[in-house]
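Residue-level structural notes
Read off the chains here:
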Amino acid sequence: ASEMLFKSATGIALKTINPKKQPHKKNLSLRCYHRVPADSFIRWEKDACYLSRLVRASSKPLFGAYTFIKGKKLIVWQALFSTYDSPSLAVPGQVVWRKKDTGEVGVSCGKDILVLQKVQLEGKGIKNAYEIINSCRLRLGMMVEDEVNSLAKSVAALEKKITLLLSSRK
């Protein structure tokens, strides 16, 4: 985008580009809508290059790209795209390496690796990814089946307590 802006500004200054007004007809104009936080959800099965662009596009002054770690929201403020050094087998969202010296953490994607640099647990301060993601045994993201199972167990336990409470009042 910066290169295109430079070329456009130079072309206008040198009069090699003739600017045209945008058309007022709705069907010829591009309408862009506001982003909402859900647009920045990290889907680890996407490729790392796409996700690195998502992180940049979602960073400040916006809400930040986000995922989950152990059920808590993790906001990713800075990340890079990288490739594997050797053939590898990993599940998308799986932490594949941690580097103490740089503070970075590599996470497997649908293709390649997203290198997390600056992250933040919701409600906490921004830190190096290495400080928050403390194990290569972790997987990032929302494990929907596990969450639904956990909620079902909680609801069943609450129903049991309510039944016991109501039967003790009789």
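Each remark here, short or long, concerns the structure printed above.
Our subject in this report is the structure included herewith.

Definitions and cut-offs
- Sequence order as written defines residue numbering, which begins from 1 separately in each chain.
- Whole-chain, interface and lining totals are the exception, using all residues; otherwise, since this is a predicted model, local features are given only for residues with pLDDT of at least 70 and side-chain atom pairs are given and counted only at 80 or more.
- Just so you know, side-chain values use all the structure's heavy atoms and leave hydrogens and water out.
- The helix count covers DSSP runs of H or I at least four residues long, the strand count covers runs of E at least two residues long, and both are numbered beginning at the N terminus.
- Whether two residues are in contact is decided by their heavy atoms, any of which lying within 4.5 Å being enough.
- Here's how the labels work: a residue is buried when its accessible area is under 20% of the maximum for its type, exposed when over 50%, partly exposed in between, all with a 1.4 Å probe on protein chains only.
- Any two strands with at least two DSSP bridges between them are considered paired.
- Between the rings of Phe, Tyr and Trp (Trp by its six-membered ring), a pair exists once the centres lie within 6.5 Å; its type follows the angle of the planes, with under 30 degrees stacked, over 60 edge-to-face, and the other angles tilted.
- We count a charge as sitting over a ring when the NZ of a lysine or the CZ of an arginine lies within 6 Å of the ring centre and within 35 degrees of the ring normal.

A closer look at the side chain of Ser108
- With respect to the helices and strands, the residue Ser108 is situated in strand β4 (residues 104-108).
- Among all residues touching Ser108, those that are not within four sequence positions of it are Trp44, Tyr84, Ala90, Val91, Pro92, Gly93, Gln94 and Val96.

Some details on the pairing of strand β5 (residues 113-121)
- Of all nine residues making up β5, seven are buried, and the element is well covered by its neighbours.
- Relative to β5, strand β2 (residues 72-82) is paired through eight bridges, and the arrangement is antiparallel. Counted as the bridge partner of Ile75 is Gln120 from β5.
- Pairing between β4 and β5: four bridges, direction antiparallel. Across the sheet, Gly106 pairs through a bridge with Val115, a residue of β5.
- Counting the residues between successive antiparallel strands, the hairpin from β4 to β5 contains four residues, one of them, Asp112, with a positive phi of roughly 70°.
- Relative to strand β6 (residues 126-128), β5 runs antiparallel, the two being bridged by three bridges. Paired with Lys118 across the two strands is Asn128, which belongs to β6.
- Where β5 folds back onto β6 in an antiparallel hairpin, the turn is made up of four residues, including Gly123, whose phi is positive at roughly 85°.

Let's talk about the packing of aromatic side chains
- The tally for this structure, following the rule as stated, stands at three aromatic pairs.
- Taken together, a centroid distance of 6.1 Å and an interplanar angle of 85° make the contact between Tyr66 and Phe68 edge-to-face. Assigned by exposure class, Tyr66 and Phe68 land together as buried.
- A cation over an aromatic ring shows up here: Lys46 above the ring of Tyr50, its NZ or CZ 5.2 Å from the ring centre.

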